[in-house]
Amino acid sequence: MIIYSGKKINIRKDEIVLVDGRKAVREVIEHPGSAAVIPFITKDEIILIQQYRHAVKELIYEIPAGTLDENEAFITCAGRELEEEIGYKAGTLEPLIILYPSPGILSETMHLFKATNLVETQINYQADESIKGIVQMKLSEAFEMIKKGLIRDAKTVCSILMCLK
């Protein structure tokens, strides 16, 4: 049963039967899916954004990412978000991994990509975004920031770790 219907998500309440026969209730956030992309400006340098996230009330480091538009392919979404958020088009978009950001409550499937051979275009932030800055750094520096707890966004952590050699 849908208990909330929003612009990007729905929330439903499901009554389920567990494997041992007990009944339980699960609240599930329905999400259309998303794509995220780790942009490589050089062989070993990446670009991250700093964005304020209301849910955690912090300015955090992230890779460009966004929700799929209706009938949009994951790779198309990744390319669109890359250009909107940092002003680059990817010459090459390579799939990294498909993951579930929070499968206990969320139906979202997130596709992560690696972008290389970047061509500068123009930033085109969406009206509801709070991007405060763009930061270029070595992949190894980003890894150190993860270890120090300075990068905590899951898609960003996963992408950085996937790209380490």
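Above: the structure in question.
Enquirer: Could you clarify how one ought to interpret the overall build of the protein in this entry?
Expert: For the protein, the helix and strand inventory stands at 3 helices and 10 strands. Taken along the three principal axes of its C-alpha coordinates, the protein extends 55 × 35 × 30 Å. Counting every position in the protein, which comprises 165 residues, the buried fraction comes to 38%. Contacts spanning at least 24 positions in sequence make up 60% of the contacts within the protein whose residues lie at least 6 apart. With the model as given, the accessible surface of the protein reaches about 9,900 Å², and the carbon-plus-sulfur share is 52%.

Enquirer: Hey, could you run me through the side chain of Glu62 in this one?
Expert: With respect to the helices, strands and loops of the structure, Glu62 is situated in strand S6 (residues 58-62). Of note is the side chain of Glu62, whose polar atom sits 2.8 Å from the side chain of Arg53. In contact with Glu62, other than residues within four places in its own chain, are Leu48, Ile49, Gln51, Arg53, Asp153, Lys155 and Thr156.

Enquirer: In this structure, what is going on with a nonpolar patch on the surface? I would like to understand it.
Expert: Among the surface-exposed residues, Met1, Ile3 and Tyr4 lie close enough to one another that they form a single nonpolar patch of about 350 Å² accessible area. Mapped onto the fold, Tyr4 is located in strand S1 (residues 2-5). Owing to a relative accessible area of 44%, Tyr4 belongs among the partly exposed residues under this scheme.

Definitions and limits used
Residues numbered from 1 in each chain as written. Predicted model: local features only at pLDDT ≥ 70, side-chain atom pairs only at ≥ 80, totals over all residues. Heavy atoms only, no water. Helix = DSSP H or I, 4+ residues; strand = E, 2+ residues; numbered from the N terminus. Buried < 20%, exposed > 50% of the residue type's maximum accessible area, 1.4 Å probe, protein only. Contact = heavy atoms within 4.5 Å. Areas by Shrake-Rupley, 256 points an atom, 1.4 Å probe, with all protein chains shown as cover. Polar contact = N/O pair within 3.5 Å; in protein donor to acceptor, adjacent residues only side chain to side chain. Patch = residues over 30% accessible without salt bridge, like charges linked within 9 Å, V, L, I, M, F, W, Y side chains within 5 Å. Salt bridge = Lys/Arg side-chain N within 4 Å of Asp/Glu carboxyl O.

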